[in-house]
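Architecture at a glance
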Amino acid sequence: MKSYVLQQVVDQREAVRSIKQHQNNLIAKWQRLFRSGRQLTSIELVHLPYWCFTYQYQSKQMKDPIKGKVAVETYQHHTAILPESATYRPAEEATSLLPPNGEPVPEVARKEIYWEAFSREKKRKDIAVDIIDTAILYVPYWIGYLQGDKIDILAVDAANGKIDLGIKDALLEAIMASSK
């Protein structure tokens, strides 16, 4: 199976800035009233594996089918429809790749495509989604390790610089799997 790495756009300095901005938002300041603040102690770049499905969908209302890519994270099955502008490179060139978990789950990808692309489609029974190819896509994340009364992590998507709170459990599970 082919494997690729999504291009990293955000460097370590920008990731640290995103974490500090997140810690200084209003909700984080309010939470610090009830517990001591957590300080960023270190940061590292890791690549979380996703099953990447190339798909094609069509309906009776469309002349030509539309092709695209959808990614399904291998641990918790988070999904993302990938933009056509995304840049990939072979995975052999990358370091810090976390191991994939399980087998590809094309049904999760089909559901994501169906509900994202056709939420406005009137006759949903006319929709056909076909998976053409499957690969592994490694998505870069900066993991900030925070220490206070408790140790915690905060993930910054290295492809866009945004804090990703929802991916924390998948990252922790992948890190634990890589240490075995």
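Below: a short report on this structure. (Residues numbered from 1 in each chain as written. Predicted model: local features only at pLDDT ≥ 70, side-chain atom pairs only at ≥ 80, totals over all residues. Heavy atoms only, no water.)

1. Here's the deal with the overall build of the chain
Note the following rule: In DSSP terms, a helix is any run of H or I states spanning at least four residues, a strand is any run of E spanning at least two, and both are numbered starting from the N terminus. Only protein chains enter the area calculation, which uses a 1.4 Å probe; residues under 20% of their type maximum are buried, those over 50% are exposed, and those in between are partly exposed. Contacts are assigned to residue pairs with any non-hydrogen atoms lying within 4.5 Å of each other. For every accessible area listed, the method is Shrake-Rupley and the probe measures 1.4 Å; residues are considered covered only by the protein chains on display.
A tally of regular secondary structure across the chain gives four helices and seven strands. Counting from the amino terminus, the chain carries its helices and strands in the arrangement β-α-α-β-β-β-β-α-β-β-α. Counting every position in the chain, which comprises 180 residues, the buried fraction comes to 39%. Taking the intrachain contacts of the chain between residues at least 6 apart in sequence as the baseline, contacts between residues at least 24 apart amount to 72%. Counting every atom, the chain has about 10800 Å² of accessible surface; 50% of that belongs to carbon and sulfur.

2. Brief notes about the pattern of salt bridges
Between side chains of opposite charge, pairing is possible as soon as their charged atoms come close. Heads up, the rule is: One side-chain nitrogen of Lys or Arg within 4 Å of one carboxyl oxygen of Asp or Glu is enough to make a salt bridge.
All chains considered together, the criterion is met by three salt bridges. In this structure, Arg13 and Asp11 form a salt bridge, with 3.8 Å as the shortest nitrogen-oxygen distance. Judged by relative accessible area, Asp11 falls into the partly exposed class, the value being 30%. Measuring nitrogen to oxygen at the nearest pair gives 3.7 Å for the salt bridge that ties Arg110 to Glu107. Linking Arg110 with Glu107, this pair stays in helix H3 (residues 106-117), spanning three residues, or about one helical turn. Given a relative accessible area of 29%, Arg110 falls into the partly exposed group.

3. Overview of the nonpolar core
Put simply, the rule reads: Side-chain atoms within 4.5 Å are what join buried Ala, Val, Leu, Ile, Met, Phe, Trp, Tyr and Cys residues into a set we call a nonpolar core.
Counting 20 residues, the largest nonpolar core has Leu48, Tyr50, Tyr141, Ile167 and Leu171 as the members making the most contacts within it. Listed by contribution, the elements that provide at least two residues to this core are strand S2 (39-58), strand S6 (128-147), strand S7 (151-157) and helix H4 (168-178). Excluding anything up to four places from it in sequence, Tyr141 contacts Glu44, Leu45, Val46, Leu48, Tyr50, Ala155, Val156, Asp157, Ala158, Asp164, Ile167 and Leu171. Membership of the second largest hydrophobic core comes to 17 residues, among which are Tyr55, Ala91, Tyr114 and Val129.

4. Quick notes on H4
Applied cut-off: When we speak of the arc, we mean the arc of directions from the helix axis to the C-beta atoms.
For H4, every residue scored as buried is listed here: Ala170, Leu171 and Ala174. Looking straight down H4, one finds that the buried residues subtend no more than 100° of arc, so they occupy a single side. Taken together, the buried residues of H4 touch S2, strand S3 (66-73), S6 and S7.

5. A few points about the environment of Thr74
Let me state the cut-off plainly: In the analysis that follows, any N or O atom pair within 3.5 Å is treated as a polar contact, provided that within protein one partner can donate a hydrogen and the other can accept it, and provided that, for residues neighboring in sequence, both atoms belong to side chains.
Along the chain, Thr74 falls in the loop between S3 and strand S4 (79-82). Distance from Thr74 to Asn101, taken between C-alpha atoms, is 5.2 Å for residues 27 residues apart in sequence. Those residues within four positions of Thr74 in sequence are excluded, and the remaining contacts are Pro49, Tyr50, Trp51, Pro100 and Asn101. Only 3.2 Å separates the side chain of Thr74 from the backbone nitrogen of Asn101, close enough to count as a polar contact.

6. Quick notes on unusual backbone geometry
The backbone phi angle of His77 is positive, close to 65°, even though this residue is not glycine. Relative to the helices and strands, His77 resides in the loop between S3 and S4. Within the chain, Ser96 stands out as a residue other than glycine whose phi angle is a positive 55°. With respect to the secondary-structure elements, Ser96 resides in the loop between strand S5 (88-90) and H3. Relative accessible area serves as the criterion here: at 31%, Ser96 is assigned to the partly exposed category.

Interpretation note: all reported values are geometric properties and have no functional meaning in isolation.
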